[in-house]
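Spelled out from the first residue to the last, the chains are:
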Amino acid sequence: MVDLDTIVSLCKRRGFIFQSSEIYGGLGSAWDYGPLGVEFKNNVKQLWWRDNVQLRDDMVGLDAAISMHPKVWEASGHVASFADPFTGCAECGRHYRADQIFEFLWNSRWVRAILKVLEGPAAKKNEWVAIQHWALSDGQKLAPNLPLARGASPPAGATTKYPFEGPDDRRFRHFLEILAEPRAPGTMGIPCPNCGGVRMSAPKPASLMLETFLGPVKETATMTYLRPETAQGIFVNFDNVLQASRKKLPFGIAQIGKAFRNEITPGNFTFRTREFEQMEIEYFVMPGTDEEWHQRWIEERFAWYQRYGIQKENIRLREHASDELAFYAKRCVDIEYLFPMGWSELEGIANRTDYDLKQHSEFSGKMLEYFDEESKQRVVPYVIEPSAGADRSALAFLVDAYHEEEVRGKKRVVLKFHPEVAPIKIAILPLLKKNSKIVETAKRVCADLRKRWFAVYDDTASIGRLYRRQDEVGTPFCVTVDVQTVGDEKGPADGKVTIRDRNSMEQIRVPVPNLEAIMADLIEGKWAEVAKTCPRQAASSLLA
């Protein structure tokens, strides 16, 4: 698995994602999508919209406002209860989600360093002597406020009970408590993931809602919130959509849009940010059919990621335990992806019952119901909610596509995107940029292909370098125009170009008039079939 630093570096170098406001030192957890990143993320969103809205008879779309009436958030329960427990270190000032503190500790630099010490030969003789030796050397840089790094001695008779199986292992948590001794009153009794300090405050709730004011003068303006989710815009428009579309149950409303949460510990690149984009569906069903529809959506959404390139060993389903469920949820299943920082939520599919429609009916005075023609009764539909993040989905596709391999003794970095996900579909490359016939033909081919796909023309390096550059940004196909295409004094033009496949680096020769039809087949994944009908070209003739 590639590490996150490698992905961040590639994203900046190749124009996928930049740190926001970087010339001013950046803004924490804010990211800008660059020229390739915006194409890539748009492809993810467009595929989601096409497959979930445009190709289904039972779905319609919506684009609700970010700013909504403040009572919306009272009705939804966000104002009263949308909060996370947080803890803060009194020594370094860092704050963390209290319910994730052991995960932060498990992945912290100084804990990882201690675990390496425990695996080494010195620890086999005496674990605590080895740890204490580390604390008084490297530990003073990595965890300067850890008691051992300040010269404290480990408690007499203490044992580490190593190895640990992960952040939830009771032995690991007990080990952290030993490192934090003596425990200060009113603290969590564990060290800080950042500095090792032991003055971690007892957990307190922190609202995730971001307030804003609508009006020219703050004192008289209307206070509302930047929406923390797109779902409520769908619920309050339920009757509008029902009357306008004349849909019958079951049917769904889909929306893609920005949401905002005042996260305590944003991080891991674009995985957790305060401003993010959601892709959500609220699927309305008759009560009693909700469990069947919930299972259908779980299976459909799980298959969708694999359809566009996510490897099956890197994705899984996780059922929420009863103590994890929101009080109104009947069932919830997460689709998790194996990100560089471990298994984490990619999408949640929840059975929200009839809670939301009933709440908005009560608070607004407007009954949000469905009239069933068969039974001649009014019912409040149950809701199945597949909720995905556009940013997390894009990050998962990016991480999963990253590959390193050795070709002719050199490292080759390639993003093996599914063709429909790739930001650039085709790169048109002239073999000789000083040959006007080759350049004119290449630009004409590019202009023709651009009418259907996002294609680019590039003549800024040798052909071998151009291939590697396109490999690194995930372009599935390169089309090379050479001397043979246009002809010269040594021979007539054959009117053919070379198509190179990114994954296999195989090359085939095809007539220019047939290029568009052939590219359509290739983007649908039919390289093997097309290659059988076209002459192959040795990779040595045009550097792979």
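Conventions and cut-offs
- Residues numbered from 1 in each chain as written.
- Predicted model: local features only at pLDDT ≥ 70, side-chain atom pairs only at ≥ 80, totals over all residues.
- Heavy atoms only, no water.
- Phe/Tyr/Trp six-rings, centres within 6.5 Å; stacked < 30°, edge-to-face > 60°.
- Helix = DSSP H or I, 4+ residues; strand = E, 2+ residues; numbered from the N terminus.
- Buried < 20%, exposed > 50% of the residue type's maximum accessible area, 1.4 Å probe, protein only.
- Lys NZ or Arg CZ within 6 Å of the ring centre and 35° of its normal.
- Core = buried A, V, L, I, M, F, W, Y, C linked by side-chain atoms within 4.5 Å.
- Contact = heavy atoms within 4.5 Å.
- Pairing = 2+ DSSP bridges.
- Axes fitted to C-alpha atoms, helices over the stretch in contact; angles between N-to-C directions.

(A) How the structure looks around the packing of aromatic side chains. Under the criterion given, the structure shown has 26 aromatic pairs. Ring centres of Phe16 and Phe40 lie 6.0 Å apart, and the angle between their planes is 85 degrees; this geometry places the pair in the edge-to-face category. Of this pair, Phe16 sits in the loop between α1 (4-13) and β1 (17-19) while Phe40 sits in helix α2 (residues 35-54); the two residues are 24 residues apart in sequence, bridging distant segments of the chain. Neither Phe16 nor Phe40 differs from the other in exposure class; each is buried. With 5.3 Å between their ring centres and 80 degrees between their planes, Phe327 and Tyr328 make a pair best called edge-to-face. An aromatic cluster of three or more residues is present, and its members are Trp106, Trp128, Tyr162, Phe164, Phe172 and Phe175. Arg112 extends its terminal NZ or CZ atom over the ring of Trp106, reaching a point 4.9 Å from the ring centre. A cation sits over an aromatic face here: Arg173 above Phe102, 3.9 Å from the ring centre.

(B) Representation of the nonpolar core. Core analysis: the biggest nonpolar cluster contains 62 residues, and Ile7, Phe16, Phe40, Tyr305, Phe397 and Phe417 have the highest contact counts within it. For this core, the element with the most residues is helix α15 (residues 390-401), which contributes eight residues. Every residue in contact with Phe397, bar those within four places of it in the chain, is listed here: Phe40, Val44, Trp304, Tyr305, Tyr308, Ile310, Phe417 and Val421. If you look at the next biggest cluster of nonpolar residues, it comprises 35 residues, including Cys89, Ala130, Trp134 and Ile190.

(C) Seen up close, the sheet that holds strand β10 (residues 275-285). Taken together, the seven strands give an open sheet; going across it, the order is β3-β9-β10-β16-β13-β12-β11, and neighbouring strands pair in mixed fashion. On the outer flanks of this sheet lie β3 (59-61) and β11 (315-319), each paired with one strand and no other. Averaged over all pairs of adjacent strands, the angle between their axes in this sheet comes to 25 degrees, without regard to strand direction. Of the strand pairs in this sheet, strand β13 (residues 342-353) and strand β16 (residues 382-389) are connected by six bridges, and their pairing is antiparallel. Paired with Asn351 across the strands is Ile384, a residue of β16. Taken strand by strand, helix α13 (residues 290-307) contacts β3, β10, β11, β12 (331-339), β13 and β16, and its axis lies near 150 degrees from that of β13.

(D) Broad picture of the pairing of strand β4 (residues 83-88). Bridge analysis of β4 against strand β6 (residues 204-207) gives four bridges, and the strand direction is antiparallel. Among the inter-strand pairings, Phe86 is bridged to a residue of β6, identified as Lys204. In terms of strand pairing, β4 meets strand β5 (residues 95-97) through three bridges, oriented antiparallel. When the sheet's bridge partners are listed, Thr87 is paired in β5 with Tyr96. Between the antiparallel neighbours β4 and β5 lie six residues, among them Gly93 with a positive phi of about 85 degrees.

Any functional reading would require information that these geometric values do not contain.
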